[in-house]
Amino acid sequence: MAFELLAVGDIHLGRTPQGLPAGFEPERFSPRAAWQAAVEEALRRKVDAVALLGDVVDHDRNFLEAYSPLRQGVEKLLAAGIQVVAIVGNHDVEVLPRLAREISGLRLLGAGGAWEALELRGRAGGTLRLVGWSFPRPRVTEDPVASLPAALRGRANLPTLGLVHGELDASASYHAPLRRTLLAACGFDGWLLGHVHQPTLDSSKDSIGYLGSLVGLDAGEQGRRGPWSVRVEANGAIRFEHLPLARIRWEALELALDADSAPEQVESQLVRLFEAAAKAPARQWGDAELVAVRLAVRGRSSRRREIVQRLRELEQGTPVSTGSLTFFLEKLEDRTQPELELESLAKQHHAAGGVARRLLALQDPASPERSALLRKARQREETLRSNPSFVLPEFQPCDDETLVRELTEQGFQLLERLVQGEGSDA
Ligand SMILES: [Mn+2]
């Protein structure tokens, strides 16, 4: 007998998106609206239960901002026979338990940091067992899974999912550091995680992952967002499906300049770029309406200054609609390179000569200096990564090609500053 759970990651009720173009009501793209859309989806799908993975509320002071939407949503779900379960995250340690006391039917799991199991029975007779833990205080430096009682471990002959809010593979974290090996050793069918806003859940791997934020809250949260459908099939297999319901999408796009690029053409180039993105099926636009674009401008052009200036004037300006999507330029990143004569600069003895020689070396895959530069850059990266002040979740070192591009862009910026006033185009 099948069972369907709608699983919702970090909502952050109380937050409002910033910097939308004129005429676009921030409320429509807010966490509150995203929660209401998730409730409607749960009703439409006639799911058996809804689970909230912590950081439901943005801040302990947002009681009133969260109270009405949460109460209305829970009442609608309960009226349709849909149970609502939540765990507490580091953002709503105090306020979510307070809300749960006021809103009957909002069931907290693992309150106060005491692990708890709950068997949910669906209307078609299917069962799902949840084992969850809630933040007891804003800072938790030990792995909560280490204290999961033996009696709750394993599947107990039922499809079982763990629910926890915390930081995967970041041992120095103040927000419940979780070790993947410990999660896997619990013997559950999977783990739904809250906290990191980038979704990573994937049943083709180990079924341990973040649900991600329900709606992207700012430009740092690019890509598809929405709740997850978690289905327990009649044979006990569990399937996850990410539902792209977010009305706003934060995206990164790239505009490439070349020798022929001209300022008069940037608007039409931008429109073509938006239209191509709108048609790219891999982006899975789903219910998206508004697309906030962080635009990286790359390449070399003698007129790059004018072009970048012209694009800057379009930042947070008039949006461009194509089909059901409306794009706007949220912010521009200037990664263009000046047209500098590297060979002649490289012959010079001052600092610019040294930078030019390294830039030439980066262009030559056979150069030993290129290998040495990449090695040095990776050592720096490693120093940063191992510094507990910086937490880079699921950090992956970038490939050589990406590293060369980053170093080249920064090298050109440095070189341009060094040769300024010496007849460059700067
Ligand atoms: Mn969190």
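Residues numbered from 1 in each chain as written. Predicted model: local features only at pLDDT ≥ 70, side-chain atom pairs only at ≥ 80, totals over all residues.

Student: Please give an account of the overall build of the protein chain that cites residues and values.
Tutor: A count of helices and strands for the protein chain gives 10 helices and 17 strands. Within the protein chain, counting contacts between residues at least 6 apart in sequence, those at least 24 apart form 71% of the total. (Helix = DSSP H or I, 4+ residues; strand = E, 2+ residues; numbered from the N terminus. Contact = placed C-beta atoms within 7 Å.)

Student: How would you sum up the nonpolar core? Please name residues and give values.
Tutor: Counting residues in each nonpolar core, the largest one holds 93 residues, and the members touching the most others are Ala7, Val8, Val50, Ala51 and Leu53. Ranked by the residues each element gives to this core, the list is headed by strand β15 (residues 290-300), at six residues. Aside from chain neighbours lying at most four places away, what touches Leu53 is Ala7, Val8, Gly9, Asp10, Ile87, Leu163, His165, Leu192, Leu193, Gly194 and Leu211. In this structure, Ala356, Leu359, Phe412 and Leu415 belong to the second largest nonpolar core, which totals nine residues. (Core = buried A, V, L, I, M, F, W, Y, C linked by C-beta atoms within 7 Å. Buried ≥ 20, exposed ≤ 12 C-beta atoms within 10 Å, placed from the backbone.)

Student: Quick one: what's the story with the pairing of strand β13 (residues 238-242), residue by residue and with numbers?
Tutor: Of the pairings in the sheet, the one linking strand β12 (residues 228-232) to β13 comprises five bridges and is antiparallel in character. Bridge pairing in β13 places Val230 opposite Phe240. Linking two consecutive strands that pair antiparallel, namely β12 and β13, is a turn of five residues; a positive phi of about 95 degrees is found at Gly236 within it. (Pairing = 2+ DSSP bridges.)

Student: Give a description of the sheet that holds strand β5 (residues 116-121) that names residues and reports values.
Tutor: One open sheet accounts for five strands, arranged β5-β6-β7-β10-β11; its pairing is mixed. Of all strands in the sheet, those bounded by a partner on one side alone are β5 and β11 (208-210). On average, each strand axis in the sheet is tilted by 25 degrees relative to the strand beside it, whichever way the strands run. For strand β6 (residues 127-132) and strand β7 (residues 160-165), the ladder comprises four bridges, and the chain directions are parallel. Counted as the bridge partner of Gly132 is Leu163 from β7. (Axes fitted to C-alpha atoms, helices over the stretch in contact; angles between N-to-C directions.)

Student: Could you give an account of the pairing of strand β2 (residues 49-52), naming the residues involved and the relevant values?
Tutor: The alternating pattern of β2 places Ala49 and Ala51 on one face and Val50 and Leu52 on the opposite face, and all of these are buried. Pairing of strand β1 (residues 3-8) with β2, which is carried by four bridges, proceeds in the parallel orientation. Note on β2: the bridge partner recorded for Leu5 is Ala49. Taking the sense of rotation as the criterion, the β-α-β connection linking β1, helix α1 (residues 31-45) and β2 turns out right-handed. Both β2 and strand β3 (residues 83-86) contribute to a ladder of four bridges, which runs parallel. Its bridge partner lying in β3, Ala49 is registered against Gln83. Taken together, β2, helix α2 (residues 63-79) and β3 form a β-α-β motif whose crossover is right-handed. (Right-handed = clockwise from strand over helix to strand, strands pointing away.)

Student: Describe in detail the domain arrangement of the protein chain, supporting the description with residues and values.
Tutor: One can read the domain layout of the protein chain as domain 1 (3-242), domain 2 (247-337) and domain 3 (341-426). Once you take the C-alpha centre of each, domain 1 and domain 2 turn out to be 34 Å apart. Listed per partner, the contact involves 15 residues of domain 1 and 17 residues of domain 2. A per-class count over the side of domain 1 that touches domain 2 returns seven nonpolar, four polar and four charged. (Domains from an automatic or database assignment. Nonpolar A, V, L, I, M, F, W, Y, C, P; charged D, E, K, R; others polar.)

Student: Got a sec to walk through the environment of Pro21? Specific residues and values, please.
Tutor: Mapped onto the secondary structure, Pro21 falls in the loop between β1 and α1. Taking C-alpha positions, Pro21 is 31 Å from Leu53, a pair spaced 32 residues apart along the chain.

Student: Quick rundown of unusual backbone geometry? Include the residues and the values.
Tutor: Note on backbone geometry: most residues besides glycine have negative phi, and most peptide bonds are trans. The backbone phi angle of Ala156 is positive, close to 50 degrees, even though this residue is not glycine. Judged by the 15 C-beta atoms lying within 10 Å of it, Ala156 is partly exposed.

Student: Which residues make up the packing of α2 against helix α3 (residues 95-102), and what are the values?
Tutor: Direction vectors running N to C along α2 and α3 enclose 40 degrees, while the axes themselves pass 11 Å from each other. It follows from the interaxial angle that α2 and α3 lie oblique. In terms of crossing hand, the pair formed by α2 and α3 is right-handed. Residue-level inspection shows Phe63, Ala66, Tyr67 and Leu70 of α2 in contact with α3, the latter providing Val95, Arg98, Leu99 and Glu102. (Parallel < 35°, antiparallel > 145°, perpendicular 65-115°, else oblique. Left-handed = near helix turned anticlockwise from the far one by under 90°.)

Student: Hey, could you go over helix α9 (residues 368-385) for me, with residue numbers and the actual values?
Tutor: For α9, which comprises 18 residues, the first-to-last C-alpha distance of 26 Å matches the rise-based estimate of 26 Å (1.5 Å per residue) to within 8%. For α9, the buried fraction is low: zero of the 18 residues fall into the buried class. (Expected span 1.5 Å × (residues − 1).)

Student: Describe the packing of helix α8 (residues 351-362) against α9, and please don't skip the residues or the numbers.
Tutor: Axis separation between α8 and α9 bottoms out at 8 Å; the angle between their running directions is 100 degrees. The angle between α8 and α9 falls in the class roughly perpendicular. Here Arg358, Ala361 and Leu362 of α8 come into contact with α9, specifically with Glu369, Arg370 and Leu373. Of the residues in the contact of α8 with α9, the class split is three nonpolar, no polar and three charged.

Student: Lay out the sheet that holds β12 in plain terms, naming residues and giving numbers.
Tutor: Here six strands make up an open sheet; going across it, the order is β4-β3-β2-β1-β12-β13 and the pairing mixed. What marks the edges here is a single partner per strand, and that holds for β4 (106-108) and β13. Averaged over all neighbouring strand pairs, the angle between strand axes comes to 25 degrees, with direction disregarded. Contacting β1, β2 and β12, α1 crosses the sheet at an angle of about 175 degrees to β1. Along the sheet face, α2 touches β2, β3 and β4 and points at about 140 degrees away from the line of β3.

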